[in-house]
Amino acid sequence: MLTDRGRWILASGGGIYLAAWGFGSVALYPIALGLVLAVAAAALWVRFLQKPMRLHRILADGEHLAGDDIPVRLEMDVEGRMPSGALVVRERIARLGELETVLVHRRGRLRGGYTIEGVPRGRYAVEAVDAILEDPFGLERVEIKLPAGESILVYPRLVELDGLFSDSGARAFEGRRLLLRRPTGFDLHSVRDYEQGESLRRVHWPSTAKRGHLMVKELEDAPRDETAVLLDADAAAVAGVAPDSSFELQVRAAGSILRAHASRGRRAALIINSASRAYQRVHSFDGDWLRAYELLAAVEPDGPTPVAGLLADEAGPAGRALELTIVTASLTPRLVDRLLQRMMNRHSATLVYVDRASFAETPSLQLEAADAGLVLRLERGGVPVAVLRQGDDLAAKLGDHSVGAAVG
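The text that follows walks through the structure, step by step, so that each part is easy to find. Being a predicted model, the structure only gives us computed values, none of them experimental.

The subject of this paragraph is helix 4 (residues 246-263). A rise of 1.5 Å per residue sets the reference length of helix 4, with its 18 residues, at 26 Å; its end C-alpha atoms lie 26 Å apart and thus fit the reference within 8%. Counting buried residues along helix 4, 16 of its 18 residues qualify, which places the element largely inside the surrounding structure.

As structure tokens, then:
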């Protein structure tokens, strides 16, 4: 493909040739022919150098956290003769736009690099990559499509929590401390006829009423997560603009709590109320935690339904967890009822509520009356609550053993 300069040179050569023919000037013919041949030679030169190429994208070692500057190095392998001079690589990266990098010969390879400054949390997919070859005079250009599909992952910036605010507040009825229960349970497998001598507590009353004689439940032992962290990614509950938004604060809070549980050696799980309903068990800091951390890095607030809907499914991951922490920016009476019902069933519940109003242009100084009333209902029902607002110190809020200190 001719560049603008190449088109101008070619047009000039054609114009000079016509002028030489029109005025009969023999001296102008070599000039016209030379300009045309220069463009043709540039085209042949570029196509001669058009060979299979492979791009290597090298990031700095370690995890890249939200707000960091990320240096990126590019190295190009070329089969056969390398292009003389420089080569330009153009990348289109999701949410970052197009980036052009000049690669030059260094130690037998084409090398270059750039730095992405202050990158927010997220997964940045490399959508397209083109290598641009030009002749030394910039007359001809060829764009070579290179494989894309890689991504740059930027993790949320979590905080270390030696203890959790719920440790002193996870109490059952009458102020008694909830005891740690074994991470197993029994699920209803089927029903069968009652046999003489069996406990009446196993009777399945709906089937008994339907069939007119006693039916009992067949139960099977099923593993349960000891504790689960449910991150609400409801699209309708986001306030502010990333990286300073209510959802970013939710992600940091959920990740910090999950890591605190995992560091204690507890059987934990991450549940995300998003469009994909992601779920990841975390039983170790080896592969489990890394997979959960990657989910937190890539999650987007695209959940189509309120988080209270997940609690209605007792057979789902949230319903099966013995202890459940919900991190949300949407506090509704329905959610409060679900959490109190869990406490009635002696399944521990904890709430981390991110106050969306604090992310408004003119933030309120305290919770709205309706939200404060719902928080008080939860506290009276034995549910530990932590309220987070814009600019709060996560380590102090989530590690604080006083419950609901931010209310009012």
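Attention shifts here to the nonpolar core. Ranked by size, the top nonpolar core spans 42 residues in total, and within it Leu258, Val352, Leu388 and Leu398 carry the most contacts. Listing elements by their share of this core, those giving two or more residues are strand 11 (227-232), helix 4, strand 14 (268-273), helix 5 (287-298), strand 17 (348-354), strand 18 (385-388) and helix 10 (394-399). Broken down by element, the residue count for this core peaks at nine residues, all from helix 4. Beyond its immediate stretch of four places on either side in the chain, valine 352 contacts Phe165, Ala253, Ile257, Thr325, Ile326, Val327, Thr328, Ala386, Leu388 and Leu398. If you look at the next biggest cluster of nonpolar residues, it comprises 29 residues, including Ala321, Leu335, Ala349 and Leu367.

Moving on, we come to helix 8 (residues 333-344). Across its 12 residues, helix 8 extends 16 Å between first and last C-alpha, which sits within 8% of the 16 Å expected from 1.5 Å per residue. Within helix 8, the full set of buried residues consists of Leu335, Val336, Leu339, Leu340, Arg342 and Met343. The arc enclosing the buried residues of helix 8, seen along the axis, measures out at 150°, which places them on a common side. Looking at the buried positions of helix 8, the neighbouring elements they touch are helix 6 (308-311), helix 7 (317-320), strand 16 (323-328), strand 17 and helix 9 (369-380).

Right, let's get into unusual backbone geometry. Residues other than glycine predominantly adopt negative phi, and peptide bonds predominantly adopt the trans conformation. A cis amide bond links alanine 242 to the next residue, proline 243, at an omega of 10°. Mapped onto the secondary structure, proline 243 falls in the loop between strand 12 (240-241) and strand 13 (244-245). Here the phi dihedral of arginine 346 falls at roughly 60°; this positive angle occurs in a residue that is not glycine. Its place among the elements puts arginine 346 in the loop between helix 8 and strand 17. By relative accessible area, arginine 346 is classed as partly exposed at 41%.

Moving on, we get to the environment of glutamate 248. Note that glutamate 248 resides in helix 4. For glutamate 248, a relative accessible area of 12% gives the class buried. Dropping the residues within four chain positions of it, glutamate 248 is found in contact with Arg121, Ala242 and Pro243. Separated by 2.8 Å, the side chains of glutamate 248 and arginine 121 make a polar contact.

Moving on: the pairing of strand 2 (residues 70-78). Pairing of strand 1 (residues 53-59) with strand 2, which is carried by seven bridges, proceeds in the antiparallel orientation. Bridging across to strand 2, methionine 53 finds its partner in valine 78. Summarising the sheet, strand 2 and strand 5 (residues 109-116) pair through seven bridges and their orientation is antiparallel. The partner of valine 72 across the bridge, within strand 5, is tyrosine 114.

With that settled, consider the pattern of salt bridges. Opposite charge on two side chains lets them pair, provided their charged atoms get close. If you walk through the whole model with that rule in mind, you get 20 salt bridges. Notably, a salt bridge pairs glutamate 150 with arginine 57, separated by 2.6 Å at the nearest N-O pair. Pair noted here: glutamate 150 is in the loop between strand 7 (141-146) and strand 8 (151-154) and arginine 57 is in strand 1, with a separation of 93 residues, a long-range link. You can call arginine 57 buried: its relative accessible area is 14%. Among the ionic pairs, glutamate 226 bridges to arginine 266, the shortest N-O distance being 2.6 Å.

Analysis parameters
- Residues numbered from 1 in each chain as written.
- Predicted model: local features only at pLDDT ≥ 70, side-chain atom pairs only at ≥ 80, totals over all residues.
- Heavy atoms only, no water.
- Helix = DSSP H or I, 4+ residues; strand = E, 2+ residues; numbered from the N terminus.
- Expected span 1.5 Å × (residues − 1).
- Buried < 20%, exposed > 50% of the residue type's maximum accessible area, 1.4 Å probe, protein only.
- Core = buried A, V, L, I, M, F, W, Y, C linked by side-chain atoms within 4.5 Å.
- Contact = heavy atoms within 4.5 Å.
- Arc of directions from axis to C-beta.
- Polar contact = N/O pair within 3.5 Å; in protein donor to acceptor, adjacent residues only side chain to side chain.
- Pairing = 2+ DSSP bridges.
- Salt bridge = Lys/Arg side-chain N within 4 Å of Asp/Glu carboxyl O.

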